[in-house]
Amino acid sequence: MTHKTVRIGALTRVEGEGALVVHARDGRIAGLELRIYEPPRFFEAMLRGRDHTEPPDITARICGICPVAYQMSACQAIEAACGAEVTGPLRDLRLLLYYGEWIESHALHVYLLHAPDFLGYDSGVAMAADHRDLVERGLELKKAGNELVTAIGGRPIHPVNVRVGGFYRVPSRRELAPAAERLRRARDHALATVAWVAGFDFPDVEHDYRFLALRHPGEYAILSGAVGAGDGRAEPASFAVADWPDHVTEEQVPHSTALHARLDGETGYLTGPLARYALNSARLSPVAREAAAAAGLGSVCRNPYRAIIVRAVEIVHACDEALRLLDGYAEPERPCVPVEARPGAGHGASEAPRGTLYHRYRLDDGGLVAEADIVPPTAQNQARIEADLRDLLAPRLTLPEDELAALCEKAIRNHDPCISCSAHFLDLRVDHG
Amino acid sequence: MAETVVVGLGSDLRGDDAAGLEVARRLRGTLPPSVAVVESCGDPAALVEAWSGAALAIVVDAVSSGAPPGTVHMPVPMPLRSRSLAGSHGLGPADAVELGRALGRLPGELVVVGIEGGDFTPGAPMTPPVLAAVRRTARGLRERLTRERPGGPRT
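Thresholds applied
- Residues numbered from 1 in each chain as written.
- Chains lettered and ligands numbered in written order.
- Predicted model: local features only at pLDDT ≥ 70, side-chain atom pairs only at ≥ 80, totals over all residues.
- Helix = DSSP H or I, 4+ residues; strand = E, 2+ residues; numbered from the N terminus.
- Expected span 1.5 Å × (residues − 1).
- Bend = angle between axes of the 7 residues up to and from the residue.
- Buried ≥ 20, exposed ≤ 12 C-beta atoms within 10 Å, placed from the backbone.
- pLDDT = per-residue confidence, 0-100.
- Contact = placed C-beta atoms within 7 Å.
- Domains from an automatic or database assignment.
- Core = buried A, V, L, I, M, F, W, Y, C linked by C-beta atoms within 7 Å.
- Pairing = 2+ DSSP bridges.
- Axes fitted to C-alpha atoms, helices over the stretch in contact; angles between N-to-C directions.

(A) Spatial organisation of helix H4 (residues 88-119) of chain A. Residue and element names in this part refer to chain A. The first and last C-alpha atoms of H4 sit 44 Å apart over 32 residues, in line with the 46 Å expected at 1.5 Å per residue. Along H4, the helix axis deviates most sharply at Val 110, where the bend reaches about 35°. For H4, a buried count of 26 out of 32 residues is recorded, marking the element as mostly surrounded by other parts of the structure. Among the residues trailing H4, Gly 120 stands out with phi positive, at a value near 80°.

Quick look at the structure:
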C-alpha cells in the first residue's frame, strides 16, 4: 500500500478556492472530488424577505467579474414573476451592457489567465514581461468592455444603473459615442486575438460532451432564450426557462458546498463557451463566424483546451453585435417599464461568460422574496470538470506529482471556473491507498 | 489624466472587506478635480488602468495581519498583504503591482493604506472599530489631498 500526496500551494488564475482529492487504488482512480466553496447558497438565504426590486443589486455582488449576468438573470426572473417583459430598445440596451461584460471577462481570461498555460508561463504577469504588446492588447480589449459597461451601467464593476424593468436612466447617443469608437478598435484586436490563440499547441483531447446553453431564434443567445440541450450532432432538445426545475435538478454532495446539477437525471453536462458554440455557432455574427472558420473551429468544438479560441470568437461577436446595436441606437423613450409586484414565481436565465446562469424567485403577497434559487454555471460544470480530470489523470497517475498538479490546474482553467470570490487555493491530494 | 488616484479595494458583502470601498465612497465628490476616486474589486487590469499615468496612487484595502481590528497601516509593506490578495479571479493588488511593473505602467508613487479587518464573514456588517477607521482614514486622506496640490503645481 502506498500513499502519495500532491499538494498545489495555490491554484492561481482561477476564481475562488478549491481542493481536489483523488483516490487511487491499484493504479486506477477510485474517486475524485473537486471541493469548492460557493457563495450563492448564502445569498439565497440573504434574499428572503427582501423587496422584489432588490435581488439584481444584491446578487450582482456575488461575483466581481460577472455582475451583469447576475443582474440580468435576476431582473428577468422577477419580471416574469410580475408578468412584465422588457423588449425593444430597452432590451437592446441590456444586450449592450451584457456584451460589455463578456468582452471584459473573456479578455481577462484569455490574456491573463489562460494564454500563459499555452505559452509556458506561470502567470499573466510573467507573460507580460516578455510579451508586453500582447498583454497591452488584452488590456485594451478589456478596457473597451469596461467603457461600455460604465457608459450604460454607471460604473465598471457592480453597475448601479440596472433595475427591475430596465434602467434608472438611459444614456444618450452622445454619451455612448466614445465607447463605440473604442469598440471599433477592439473588434480588430479581437480578430487578432482569434488568430493568435488559434496558433497555440493544443492537447489532442476530445470529450463527448452533453451541452446546455440558451438558444434564441435570432441571436447567439446571451440575454434570453429557451434552454437547449444536445450533443452537437442531433438537433438539440429544447425547453422553456420556466421549465428549468423539471429538467435540471441539484443534489448535495458531501465534499462540496456547491450542489451537483443533473440534466434530465444525467450528471456531467457542460455549459459555457463550448456549449454555446456547439448549439448556436450558426447565429454568430458573420465576422465572428468567418474568424471561427479561419481558426479551424468547425461547427462544434469538443476539445476543452480550445475553449480559448471560442472565447476569442465570442469577443469578436460581442464587439461586432455591440457596434451594430450602437450604430442603430436611439434613446429609449422611457428608462424602464413598470413592474408591479404580485405573488407568484418567475424564472430567468442568461449566458454568463462561464455559462448559463438561472435564477428563480417566488414573491409573497406583500411583494417580498419568499424563495430564491440561483444555479450558477460553475456548479453545473463541477461534475463535468471532475470527469475531465478523471480522463486526464487515469493514464497518468504515475507521473511526478508536480506535473500532475500542473496538468490539473490547466484542465480546470479550461472551464474558467468562477468558484467563488473567496480565497483561491486548490490543494490536490492523490491518495494511493 | 488625474494626477492622483485613490483606489478603494474590497467586497461589499464580506464584512470588513468593504473598508477600502467605503473610504472611496466617502471621498468621492469631496476632492479637487485633479484627484480621481475609483472603486475596485481588485482586478489587476483595472488597477493598472486606474493608476496609469498618475503621479500618486493611494490604494486603500482591508488587511488581515493579526493587529487589532481598526488599526490603520500606512504604508503597507510590499508585497501587499491584503485581504483582497485572495480576491476575485485569483489575482490581486500584488499582481497588479507586478503587472504594472512589467508593462511600465506603475504610478510615480504608490502608497498602500491597510485597514485591519476583524470580521470577513459573508453578509456581516462592517464592525464598529473598522467603521471608525474608515472615517478616520477618509478624513486624513481628504485633509492631505485638499491641502496639497497632488502631483505638484498645476498650470
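(B) Summary view of the environment of Thr 249 of chain A. By secondary structure assignment, the location of Thr 249 of chain A is in strand E8 (residues 248-252). For the pair formed by Thr 249 of chain A and Leu 326 of chain A, sequence separation is 77 residues and the distance between their alpha carbons is 39 Å.

(C) View of the confidence of the model for chain A. All names here are of chain A. The share of residues in chain A with pLDDT of 70 or more is 89%, and the mean pLDDT across the chain is 88. In the predicted structure, residues 1-16 sits below a pLDDT of 50 and forms 61 contacts with residues beyond four places in sequence or in another chain. For residues 419-426, every residue scores under 50 in pLDDT, and the model assigns this stretch 46 contacts once sequence neighbours within four places are set aside.

(D) Looking closely at the domain arrangement of chain A. The domain architecture assigned to chain A consists of domain 1 (18-39 + 382-431) and domain 2 (42-380). Computed from C-alpha coordinates alone, the two centres of domain 1 of chain A and domain 2 of chain A are separated by 25 Å.

(E) Representation of the nonpolar core in the model. All names here are of chain A. Membership of the largest hydrophobic core comes to 159 residues, with the highest contact counts inside it found for Phe 211 and Val 313. Apart from the residues within four sequence positions on either side, Phe 211 is in contact with Ala 229, Gly 230, Asp 231, Gly 232, Tyr 269, Leu 270, Leu 274, Ala 275, Ala 278 and Leu 279. If you look at the next biggest cluster of nonpolar residues, it comprises 13 residues, including Leu 20, Ala 24, Leu 393 and Ile 412.

(F) Region of the structure containing the sheet that holds strand E7 (residues 237-239) of chain A. Residues and elements named next belong to chain A. The strand order across the open sheet formed by 4 strands is E7-E6-E5-E11, and the pairing between neighbours is mixed. At either margin of the open sheet sits one strand with a lone partner, and together these are E7 and strand E11 (270-271). Inspection of the sheet shows strand E6 (residues 226-230) paired to E7 by 3 bridges, in the antiparallel sense. By the bridge assignment, Val 227 is partnered in E7 with Phe 239. The strands touched by helix H9 (residues 273-280) within the sheet are strand E5 (211-215), E6 and E11, with E5 carrying the most contacts at an inclination of about 65°.

(G) Molecular detail of the confidence of the model for chain B. Residue and element names in this part refer to chain B. Taken residue by residue, chain B gives an average pLDDT of 83. The fraction at 70 or more is 84%. Scored below 50 in pLDDT, residues 79-90 makes 55 contacts in the model with residues more than four places away or belonging to other chains. Taken together, the stretch residues 150-155 has pLDDT below 50 and engages in 15 contacts with residues farther than four places along the chain or on a different chain. ipTM for the predicted complex: 0.79, alongside a pTM of 0.89.

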